[in-house]
Amino acid sequence: MLVGKLENMLNPKAVALIGASEKEGTVGNQIMKNLLQGKEKRKIYPVNPSYQAVMGLKCFPSITQIPEHVDLAVIAIPAKSVPAVVDECGRSGVDGVVIISSGFREAGEEGAKLEQEIKKLQEKYGLRILGPNCLGFIRPHDFINTTFLRSQPQPGEIAFISQSGALGSAILDWAVSTHIGFSMFASLGSMLDIDFGDLIDYLGEDPRTRSVIIYMEGVGSARKFISAAKGFARTKPIIIIKPGKYAESAKAVKSHTGALAGNFEVYQAAFRRAGVVMVDEIEDLFNCASVLDSRYLPAGPNIAVVTNAGGPGVIAADAIIDNFGELADLSPETITALNKVLPPQWSKGNPVDILGDADVERYAKALEACLSDPKIDGIVVLYTPQGAAKSTDLAKKVVEIAQRRLKPILTVWMGENEVEEARRIFYQNDVPTYPTPEKAIRTYMYMYKYKRNLELLYETPEELSVDLSPPKSHLRLIIRRAVGEGRTNLTQAEIDKFFDAYRIPRPEAHLAKNEEEAVAAASRMGYPVVLKIASPEIIHKTDVGGVVVGIDSEESLRKSYRSMLESIKNAVPKAKIDGVYVQKMKKFDYELILGAKKDRDFGSVILFGQGGIGVEFYRDFSIALPPLNQTLARRLMEETKIYRAISRGIRNKPPVDMKALEEIIVRFSSLVVDFPEFAEIDINPLVASKGEITALDARATIDVEALKLTDPYAHLSILPYPTKYVLPWRLKDGTEVLLRPIRPEDEKIEYEFIKGLSEETSRFRFFRVIKELSHDDLVRFCNIDYDREMAIIAETTEAGKKKEIGVARLIIEPGKKRGEFAIVVADKYQGKGLGTKLMDMLIEFAQEKGLETVYGIIMRENKKMVRLAQKMGFTLKPSEEGYVATLNLV
């Protein structure tokens, strides 16, 4: 299994260094020295035909001549020789290879060919490869260092993954000098095989890793990264720094969405969706990694500052506001409590200035008072070397209070030599400490945003009136017909057919082939109307005089019709004209934009924001990755400035029907999910008023290459709801049920189902009786990643209400070769064939995912489940809990 090979490679019992050298200053020499530091834990085999021995160890001419199995081969030889050596590694059964060598695709065409050769060998033998052109990896806890770096990091709880070897080396050296410990350092290089997703999956199972920090230039496999990161970030934080903020794309775009949604903004959206933290500075990587313990995060943005110096307190207050935090209002009770313990001259507010002569006791009493205030979410303690409080004594007292973990406490000990020992005390006791107020505040706000982001991501969405599978075949014919005609742009009339199928409201409209048809259409629908030129070759109609609004009579229409055609003839004389689109004119309060484009790394993304002709000027927009549900649609809107206006109303304009707008965004998301053929599509403007939301104008560009795809979701980084597994069915007694994959919206019926199980059935499924379920528990059950997990629920109707009566779950292990199943059926519905049907659906899903084995743990007393497993062909082996039931699928 690939995951087994990755485990063996990263924790090897035997390592071969191909390119080992006795020559000082060479890469092969330094790697050998580093590997020998772990010689008590593993065997080291130098490989180099030029030596009989290297550093006292027998040297082999080839890896094929090493007499035992090698888990890991480190290759440090010229690039042109690497493919042949990788082939030898594959033939020798090596589990994994680290290719330190450079000179591959980064070096040009010849190097790219070498890399392709290595990729073919990797696929042929199934071995795992880190690199090429990488530094290797270090695991300090296990004394394995495959790099040529001279820095030796201490063991710790932070994993550091860097795409850049040079920057990774520099950051690692800086971290070592500040005594930051690591569970792993890995340099990915070209990511020919092992990428961010692989290592995040691996580290998610590592008990010695509390957080992961990443320097990322490009994501590699976007779907694998997001899937791994979402699973990891629920319990352990991932902090990323991504360069390229202001890089300009050279690719021409045809829509406003394409012009607005740059690659860096898409990365930001992807990180939000995955629940990871994106920071701006390298130092923030480590500041955040040391404090982002998901068990201990601030409840809100309200910060109190306790200080013995007014100036730094003001700087801290400014930093709070600059970082979008809140300077907490002290409650009257806190003011009273502080008045009793502080001198009369104290600041009487926040920052809490306890004056320069403060001693340890005064600090402690002020800190205790603030901790008791329900309006304060976290505290920053500022200390300057003055007054009665000694630096180390105060540090010990703050540690004592902080370890009670009532609220987050961050410390700022300003100065150098006089506070050095105090900082060491904080480091030893896991109390965050910083040299300046700005750094402390910035880190606190990262902590809060991380927690808030996870809460918003997993908020239970409402049910919306959205057709999960509207008719699509006739729409695909429209696309194929357009491509057959040699065009990649759809007309407004064609786009309207998509909107009608997905219930995206639009104005009444008619395509007129001549002036008389236009007059008849306007007369039928009623004035005022809008005229729009209909041409697949004219994308931005307004720019060439192709839009006339406010036409309120037949005379005005005729005049406008002729004038428009004349303008078009002068501006684009060779454009093919299909006619003129006559559209009912709508009054509106707000102009919005809703669009989608294909990003080069993450595939299709959705954009929402302030629309109209000034859309690219205002640049008020937010981006999200489809598919979207109600919660994610609302969050997409909340991240824009226009959201406040449309949700509350502004300048006598009433608020918009936000639920209706959420539904339109979710329907548009479904359209984007269902049609990989769209390179770009946007609605601008999507106009809104209190009673109505309408798509006034739209444009769509076809990605011709997408017509060749066999995977319908190749354009998505996140797999959508798998409607293919929705199945009406009947129990043996005739009861009608709907079998379908679980959704985040199912929290309520999942809760009622689990709470309704008998104690015996609950114990059989969960190995204990479930008495209470938190929102976090239900998120884990309902908000699943369909790429690595499936849960099929059986739903029926009782007394007019939806009711869950059974669920079957299969969780795929990171190597994607094995999956663990669990099935439970409500007591009342047992013995009616439902368990058998659910198991059969899980097996079908496992086969489609290419799994080799499905297994489950069954309690000995659970006779019904034992019989079901035997009937379905599982092999049962005794275990501590009862039996392990295994079904081989290959």
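To be clear, the structure that these remarks concern was listed above.
Read on for an overview of the structure. Note that this is a predicted model, so its numbers are computed, not measured.

**Regarding the pattern of salt bridges**
Applying the stated criterion across every chain yields a total of 65 salt bridges. One salt bridge in this structure joins Glu281 and Arg442, with 3.4 Å as the shortest N-O distance. Here Glu281, found in the loop between strand E14 (277-279) and helix H10 (282-291), pairs with Arg442, found in helix H16 (residues 437-457); they are 161 residues apart in sequence, far enough to count as distant. The residue Arg635 makes a salt bridge to Glu639 at a minimum N-O spacing of 3.3 Å.

**A closer look at the environment of Glu106**
Looking at the element boundaries, Glu106 is found in the loop between strand E6 (96-99) and helix H4 (109-125). Placed 84 residues apart in sequence, Glu106 and Ser190 show a C-alpha to C-alpha distance of 8.3 Å. With near-sequence residues (within four places) excluded, Glu106 lies in contact with Asn133 and Ser190. A polar contact of 2.6 Å, which involves the side chain of Glu106, links it to the backbone nitrogen of Gly103.

**Notes on unusual backbone geometry**
That bond from Asn350 to Pro351 is cis: its omega, 10°, falls within 30 degrees of zero. Of the consecutive residues Pro626 and Pro627, the connecting peptide bond is found in the cis state with omega at 5°. Despite not being glycine, Met191 shows a phi value in the positive range, around 55°. Using a relative accessible area of 14% as the deciding quantity, one classes Met191 as buried. One non-glycine residue, Phe767, lies in the positive phi region at around 65°.

**So, a positive patch on the surface**
A grouping of Arg860, Lys863, Lys864 and Arg867 is seen on the molecular surface, where their side chains present a positively charged patch. Its place among the elements puts Arg867 in helix H29 (residues 863-871).

**So, helix H13 (residues 360-371)**
Along an α-helix, residues three or four apart share an orientation, since each turn contains 3.6 residues. Taking 1.5 Å per residue as the helical rise, H13 with its twelve residues ought to reach 16 Å, and the 16 Å between its terminal C-alpha atoms agrees with that figure. Elements that come into contact with the buried residues of H13 comprise strand E15 (302-307), helix H12 (332-341), strand E17 (352-353), strand E18 (378-383), helix H14 (391-402) and strand E19 (409-413).

**Overview of the sheet that holds strand E2 (residues 43-47)**
Strand order in the open sheet made by the five strands is E2-E1-E5-E6-E7, with parallel pairing throughout. In the strand order of this sheet, the two ends are held by E2 and strand E7 (128-130), each with one partner. On average, each strand axis in the sheet is inclined to that of its neighbour by 20°, with strand direction left out of account. Where E6 lies against E7, three bridges are found, and the strand directions are parallel. Across the sheet, the residue bridging to Val97 is Ile129, located in E7.

**Considering the packing of aromatic side chains**
With the rule as written, the count across this model stands at 19 aromatic pairs. Ring geometry for Tyr45 versus Phe60: centroids 5.8 Å apart, planes at 70°, classification edge-to-face. You can see Tyr45 sitting in strand E2 and its partner Phe60 sitting in the loop between strand E4 (57-58) and strand E5 (72-75), a full 15 residues away along the chain. Given the relative accessible area of 10%, Tyr45 is considered buried. Given a relative accessible area of 8%, Phe60 falls into the buried group. These aromatic residues form a ring-pair network of at least three members: Phe160, Trp174, Phe182, Phe185 and Phe286. It is Lys242 that lies over the ring of Tyr267; its NZ or CZ is 4.5 Å from the centre. Directly above the ring of Phe675 sits Arg476, whose terminal nitrogen or CZ lies 4.6 Å from the centroid.

**Examining the environment of Thr392**
In this fold, Thr392 is placed in helix H14. When the C-alpha atoms of Thr392 and Met278 are compared, they prove to be 34 Å apart, with 114 residues separating the residues in sequence. Residues within four places of Thr392 in sequence aside, it is in contact with Glu421, Ala422 and Ile425.

**Side note on the side chain of His715**
Position of His715 among the secondary structure elements: in the loop between strand E30 (698-702) and strand E31 (727-730). Judged by relative accessible area, His715 falls into the buried class, the value being 4%. A distance of 3.1 Å separates a polar atom in the side chain of His715 from the backbone oxygen of Val673. A distance of 3.4 Å separates a polar atom in the side chain of His715 from the backbone oxygen of Pro712.

Conventions and cut-offs
- Residues numbered from 1 in each chain as written.
- Predicted model: local features only at pLDDT ≥ 70, side-chain atom pairs only at ≥ 80, totals over all residues.
- Heavy atoms only, no water.
- Salt bridge = Lys/Arg side-chain N within 4 Å of Asp/Glu carboxyl O.
- Helix = DSSP H or I, 4+ residues; strand = E, 2+ residues; numbered from the N terminus.
- Contact = heavy atoms within 4.5 Å.
- Polar contact = N/O pair within 3.5 Å; in protein donor to acceptor, adjacent residues only side chain to side chain.
- Buried < 20%, exposed > 50% of the residue type's maximum accessible area, 1.4 Å probe, protein only.
- Patch = residues over 30% accessible without salt bridge, like charges linked within 9 Å, V, L, I, M, F, W, Y side chains within 5 Å.
- Areas by Shrake-Rupley, 256 points an atom, 1.4 Å probe, with all protein chains shown as cover.
- Lys, Arg positive; Asp, Glu negative; His and termini not counted.
- Charge placed at Lys NZ, Arg CZ, Asp CG, Glu CD.
- Expected span 1.5 Å × (residues − 1).
- Pairing = 2+ DSSP bridges.
- Axes fitted to C-alpha atoms, helices over the stretch in contact; angles between N-to-C directions.
- Phe/Tyr/Trp six-rings, centres within 6.5 Å; stacked < 30°, edge-to-face > 60°.
- Lys NZ or Arg CZ within 6 Å of the ring centre and 35° of its normal.

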